[in-house]
Amino acid sequence: MGKESDASAMEIDDSKQNVSDQIDNRKFSIDVLRLLKSSQMQHGLRFGDYTRYRRYCTARLRRLYKSLKFTHGRGKYSKRAITAATVTEVRFLHVVLYTAERAWSHAMEKRQLPDGPNARQRIYLIGRLRKAVKWATLFAELCAIKGDSRTSLEAEAYASYMRGNLLFEQDQNWDVALKSFKSARAVYEELGKYGDLENQVLCRERVEELEPSIRYCLHKIGESNLQTSDLMHIGEMEGPALDLFRAKLEAVMAEARSQQAASMTEFHWLGHKFPISNAKIRVSILKAQELEKDLHGPTADSLPAEKKLVIFDKIFGAYHEARSCIRNDLVTAGNSEKMKDDLSGLDKAIGAVLGQRTIERNQLLVNIAKSKLSKFRDDKNEKVTKPEELVRLYDLLLQNAADLTDLISSGRDRKPEELAFEEECAFKSLAFRAERCFYLAKSYGSAGKRTEAYVLYCRAGTLAHDALQKLQSLNTADQQVVMKELKMLYEDCRSNSCIEHAMGIIEEEKAPENLSKKISTISLSGADKKLEKYLTERLDTYVSAVGDSTTKGVPRIEAFPPPFEAIPRNPIVLDLAYNAIEFPSLENRMKKDRKGFISRLWR
C-alpha cells in the first residue's frame, strides 16, 4: 500500500510539472502594427499631438501595472525587471511595447517645439530615443522567446525602425540607419502579402512611410541623385513615421536657404530695387518665393485645392515673418534716413505681394464654392454652397482690391509699372463687383423677389460689359481666360434676367387666381380646422406623435401646460348662532387672589 501511494504521488507531481511546462511554453500572439496604429490614431497622432499620445501611454502603463500586480513598491521605488520567466501572459509584452512608445512619443514631442529643440533639449530628445531603442530591443528579444513567429518578426521590424530613428536623429552612421530601415521595410513587405485586407493595407502604408527615410539615407551616403525638389515632394507625404524625416528635411532646407540667401542682396518689385541687409529677411523671402513656385509652376494644376490652401498659409507665414524683421530693423535704424526709406519701401513691397496672394487665395475659395453651388453632386453628404456665401467672398475680394490699390497709390515718384498695376487692380475690382451683383441677384431670385433679382441681373450685365471693355485696353498674362469668364458671366446675366422677368409676369398673372383660392377656403367658424388628438388619447392606433423629420409640425404628445380641472375641496362652515348666544357668568367659580394688609396700601 505504501509503494502504491508513493507511485500515485509521483504521477501527480509529474502531471503538475507537465502542466507548468505547458504554461511556460505558451506562445503569445500580438498584431503589433495594428495595435500601434489603432492606439496612435485614436489618441492624438491623427492630428500630430504627441503630448496626448504620451499621456495615453503613461495611463495605459499604469493600468497594466495595476492589473498585473507588477507595481514597483510603495513609497520607495524598487525596480522589477521583465524577463522571459516573468512573461506569463501577453500583457507583460504590452508593458514593454508601450514603454518604448512612451519614450518615442516624448522624443517626438520635443522635436515639435515651436522654435525647435535647443542644445539641452536635443540631448534629452536623443536620450529618449535611446530609451525607446532599449525597450524595443527588449520587446523583440521577449517576443523571440514568448511570441509566435509572426509576432517575433513584427517585433524585430519595430526594433529596427526605432534603431533607424535614433541614428537618423543623430546624423551619423547613415549606412547602419539605412540597413535598419531596409530591414524593417523587408519585413513589412513580406507581412503585407498575407493576412486580411486591413493588415495588407497597414503594411503597405508602413512601407510607403519608410521609403522617404531610406531615400534620404541613400542621399546622405551619396548613392542617390536626389534633388532638393524631390526631397520636398517626399516630405509632403503624411504619417507619424515621417515626422522625424520632415523635421530633418526642414532643417536641411533652412540651411540651404541660408546659403542661397547670402547671394540675395535686393528685392525687385514693380521696377523698384530694395536692398536687404538682414539675413533673416532674406531667408523668409526665399522661403516664400520657393512656395510660390509650387503655386505658379507647371505642376500647379495637378495640386488639389486643400493642398494649395496649405501652401498659401505657409506663404503668409513667411512674408509676415519678413515684415516683423523689417519693423524691428526700423526701430533700431537710428537717424539714418536712407536706411529708413529703404526699409519702408521694402515693407510696402512685401505688403503689396501679400495683398496679391490674399486675392489669389480668396479666388481659390470662390472656385471651391462655385464647384459646390450646383445641387447635382456625387457626394450627397457634401454641403451645398448658397449664393450668400459667394456674395460674402466677393465682399472680401473687393476689400482686398481696395486695400491693394490704396497701398500702391500711397507713394511718390511712381513708375509706369505701378500705374499699370493700379489699372489692373481697378479692373479686378470691377469684375468682382459684377460677380458679386450676379450672385446677389441669385440670392434674391431664390427668395422669390423677382423684381429685385431682375434689376440686379441687369446691373451685373452692365458691369460685366464695362469690365470687358476695360480688359481690352490691358495687357494681362491670362487675358483670354478672363475674357472668356466675363463673356460667360454676361450671357448668364442676360439669360437669368429674361427668366426672372418671365417668372415675375407669370406670378403676377396668377396672383388673383391664387388669392381667390385662398379666400374660398377661409371659414369664419373654424369648423374646417381638424383637431388632432394627443398621443394619450389615441393609444389604440399607431400614428407618429412626433411627425416627419422633414416637416416643421409641433409634436402632439401631450398638451402643455395642462388645462385646469375642477377638484373637490373641504366644505366651508359658517357658525351664525355664535354671536347670539348669552353665556352664564362664571365669576363665582373663578379662583380669587388673597391679598395682605400691606398690599392693599399700595393698590
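Since we're looking at a predicted model, the values are computed, not measured.

### Overview of the overall build of the protein chain
When you go through the protein chain residue by residue, the secondary structure sums to 18 helices and two strands. Each of the 603 residues in the protein chain was classed as buried or not, and the buried ones make up 35%. About 39,100 Å² of surface is accessible on the protein chain, with carbon and sulfur atoms providing 53% of the total.

### Digging into the pattern of salt bridges
One pass over the structure, following the stated rule, counts 21 salt bridges. Here Arg 111 and Glu 169 are joined by a salt bridge, their closest N and O atoms 2.3 Å apart. Here Arg 111, found in helix H4 (residues 90-111), pairs with Glu 169, found in helix H6 (residues 149-170); they are 58 residues apart in sequence, far enough to count as distant. Exposure class is identical for Arg 111 and Glu 169. Each is buried. Bridged by salt links that share partners, the residues Asp 31, Arg 34 and Asp 196 form one connected network.

### Some remarks on unusual backbone geometry
One can expect most non-glycine residues to show negative phi and most peptide bonds to be in trans. Not every positive phi belongs to a glycine, and Lys 69 is a case in point at roughly 55 degrees. A positive phi angle, close to 55 degrees, is found at Asn 173, a residue other than glycine. Topologically, Asn 173 is positioned in the loop between H6 and helix H7 (174-191).

### Overview of the packing of helix H3 (residues 50-68) against H4
For the pair H3 and H4, the least separation of the axes is 9 Å and the interaxial angle reads 155 degrees. It follows that H3 is roughly antiparallel to H4 by the angle criterion. Relative to H4, the crossing made by H3 is left-handed. Along the lines of polarity and charge, the residues of the contact of H3 with H4 split into 13 nonpolar, seven polar and six charged.

### Focus on the layout of surface pockets
Rolled over the atoms, a probe sized like a water molecule indicates the empty space that remains. Of the volumes computed, that of the second largest pocket is approximately 1,400 Å³. Contributing elements (two or more residues each) for the lining of the second largest pocket: helix H11 (279-296), helix H12 (305-331), helix H13 (337-371), helix H14 (387-408), helix H15 (416-446) and helix H17 (479-520). Tallying contributions element by element places H15 first for the lining of the second largest pocket, with ten residues. For the lining of the second largest pocket, the per-class residue count stands at 21 nonpolar, six polar and twelve charged.

### As for the pairing of strand S1 (residues 266-269)
Burial along S1 is one-sided: Phe 267 and Trp 269 are buried, and none of Glu 266 and His 268, which face the opposite way, are. Pairing of S1 with strand S2 (residues 272-275), which is carried by four bridges, proceeds in the antiparallel orientation. Paired with Phe 267 across the bridge in S2 is Phe 274. Counted between consecutive antiparallel strands, the loop separating S1 from S2 contains two residues, among which Leu 270 sits at a positive phi close to 50 degrees.

### Some remarks on H15
An ideal rise of 1.5 Å per residue puts 45 Å on 31 residues; H15 measures up with 46 Å between its terminal C-alpha atoms. Trailing H15 by a residue or two, Gly 448 shows a phi angle of about 85 degrees, which is positive.

### Considerations on a nonpolar patch on the surface
On the surface, Ile 499, Met 503 and Ile 506 cluster together into a nonpolar patch covering about 250 Å² of accessible area. Note on Ile 499: relative accessible area 48%, which makes it partly exposed.

### Overview of the packing of aromatic side chains
All told, the structure shown has 15 aromatic pairs when counted by the stated rule. Aromatic side chains Phe 438 and Tyr 439 sit 5.1 Å apart centroid to centroid with 85 degrees between the ring planes, which places their arrangement in the edge-to-face category. Each member of the pair, Phe 438 as well as Tyr 439, carries the same accessibility label: buried. Cluster of aromatic residues (ring-pair linked, three or more members): Tyr 394, Phe 432, Phe 438, Tyr 439 and Tyr 457. The ring of Tyr 161 has Arg 206 sitting right over it, with the charged end atom 5.1 Å from the ring centre.

### Notes on the environment of Phe 312
Along the chain, the position of Phe 312 falls in helix H12. Sequence-wise, Phe 312 and Arg 357 are 45 residues apart; in three dimensions their C-alpha atoms are separated by 7.5 Å. Residue contacts for Phe 312: discarding those within four places in its chain leaves Leu 295, Arg 357, Glu 360, Arg 361 and Leu 364.

### Observations concerning the confidence of the model for the protein chain
On average, the protein chain scores 80 in pLDDT, and the residues at 70 or more come to 81%. Under a pLDDT of 50 for its full length, residues 14-23 has, in the predicted model, zero contacts with residues more than four places off or in other chains. Confidence drops under a pLDDT of 50 for residues 228-235, and excluding neighbours within four residues, the segment shows 15 contacts in the predicted structure.

### Some details on the state of the cysteines
Per the stated rule, a full pass over the model turns up zero disulfides. Its sulfur unpaired, Cys 458 is 8.4 Å from the next cysteine sulfur, which belongs to Cys 498.

### Structural notes on empty space enclosed by the protein
Tallied over the full model, the rule gives two cavities of 30 Å³ or more. Roughly 30 Å³ of volume is contained in the second largest cavity. For the lining of the second largest cavity, the elements supplying multiple residues, two or more each, are H13 and H15. Counting residues per element, the lining of the second largest cavity draws most heavily on H15, which supplies three residues.

### As for the packing of H13 against H14
One can describe the packing of H13 onto H14 by two numbers: an axis separation of 10 Å at closest approach and a directional angle of 165 degrees. In terms of axis orientation, H13 runs roughly antiparallel to H14. The chirality of how H13 crosses H14 is left-handed. Looking at side-chain class alone, the contact of H13 with H14 contains 14 nonpolar, seven polar and two charged residues.

### Quick word on the nonpolar core
Phe 267, Trp 269, Ile 281, Ile 285, Leu 346, Ile 350 and Leu 486 are the most contacted members of the largest nonpolar core, which totals 66 residues. Mapped by element, the contributors of at least two residues to this core are S1, H11, H12, H13, H14, H15, helix H16 (450-471) and H17. Counting residues in each nonpolar core, the second largest holds 63 residues, with Cys 57, Val 87, Val 95 and Phe 181 among its members.

### Here's the deal with the environment of Leu 97
Here Leu 97 lies in helix H4. Residue classification places Leu 97 among the buried residues on the basis of a relative accessible area of 0%.

### Structural notes on the environment of Asn 278
Within the secondary structure, Asn 278 sits in the loop between S2 and H11. Sequence spacing of Asn 278 and Ala 322 is 44 residues, and the spatial spacing of their C-alpha atoms is 9.6 Å. In contact with Asn 278, not counting residues within four places along its chain, are Cys 325 and Asp 329. In terms of polar contacts, Asn 278 uses its side chain to reach the side chain of Asp 329, at 3.1 Å.

So, how was this worked out
Each chain has its residues counted from 1, running along the sequence as written. Totals for whole chains, interfaces and linings use every residue, but because this is a predicted model, local features are given only for residues with pLDDT of at least 70 and side-chain atom pairs only at 80 or more, for both listing and counting. Only hydrogens and water are set aside when side-chain values are computed; all heavy atoms of the structure are taken into account. Strands here mean DSSP runs of E at least two residues long; helices mean DSSP runs of H or I at least four residues long; both are numbered from the N terminus. Exposure categories follow from relative accessible area, calculated using a 1.4 Å probe and restricted to protein chains: below 20% of the type maximum is buried, above 50% is exposed, and the middle band is partly exposed. Using the Shrake-Rupley algorithm and a 1.4 Å probe, accessible areas are obtained, with residue cover drawn only from the displayed protein chains. Put simply, a salt bridge is a Lys or Arg side-chain nitrogen that is within 4 Å of an Asp or Glu carboxyl oxygen. Helix axes are fitted to C-alpha atoms over the stretch in contact, other axes to C-alpha atoms as well, and angles between N-to-C directions run from 0 to 180 degrees. Between 65 and 115 degrees an angle is taken as roughly perpendicular, under 35 as roughly parallel, over 145 as roughly antiparallel, and anywhere else as oblique. Left-handed describes a crossing whose near helix is turned anticlockwise from the far helix through less than a right angle; right-handed describes the clockwise counterpart. Polar here means any residue other than Ala, Val, Leu, Ile, Met, Phe, Trp, Tyr, Cys and Pro, which are nonpolar, and Asp, Glu, Lys and Arg, which are charged; Gly is therefore polar. A cavity here means a set of points on a 1 Å grid, drawn over the protein atoms and nothing else, where a 1.4 Å probe fits but cannot get out; a pocket is an open set with protein on both sides within 12 Å along at least five of seven lines, and a residue lines either one if it has an atom within 4 Å of a point. Grid points are joined across faces, edges and corners, and a volume is the space filled by probe spheres set on the points. The pairing criterion is simple: DSSP has to find at least two bridges between the two strands. Expected helix span is computed as 1.5 Å times (number of residues minus one). Like-charged residues are merged into a patch within 9 Å and nonpolar side chains (Val, Leu, Ile, Met, Phe, Trp, Tyr) within 5 Å, provided each residue has over 30% relative accessible area and no salt bridge. Any Phe, Tyr or Trp ring, taking Trp's six-membered ring, that has another such ring centre within 6.5 Å forms a pair; planes under 30 degrees apart are called stacked, those over 60 apart edge-to-face, and the others tilted. A ring is scored as having a charge over it whenever the NZ atom of a lysine or the CZ atom of an arginine sits within 6 Å of its centre and within 35 degrees of its normal. Contacts are residue-level and defined by heavy atoms, with any inter-residue pair within 4.5 Å sufficient. Confidence per residue, as judged by the predictor, is encoded in pLDDT with a range of 0 to 100. Cysteine sulfurs are considered disulfide-paired once they come within 2.5 Å of each other. We define the nonpolar core as a collection of buried residues of types Ala, Val, Leu, Ile, Met, Phe, Trp, Tyr and Cys that are connected through side-chain atoms lying within 4.5 Å of one another. In protein, a polar contact requires one atom able to donate a hydrogen and another able to accept it; more generally it is a pair of N or O atoms within 3.5 Å, and residues adjacent in sequence count only if both atoms are side-chain atoms.

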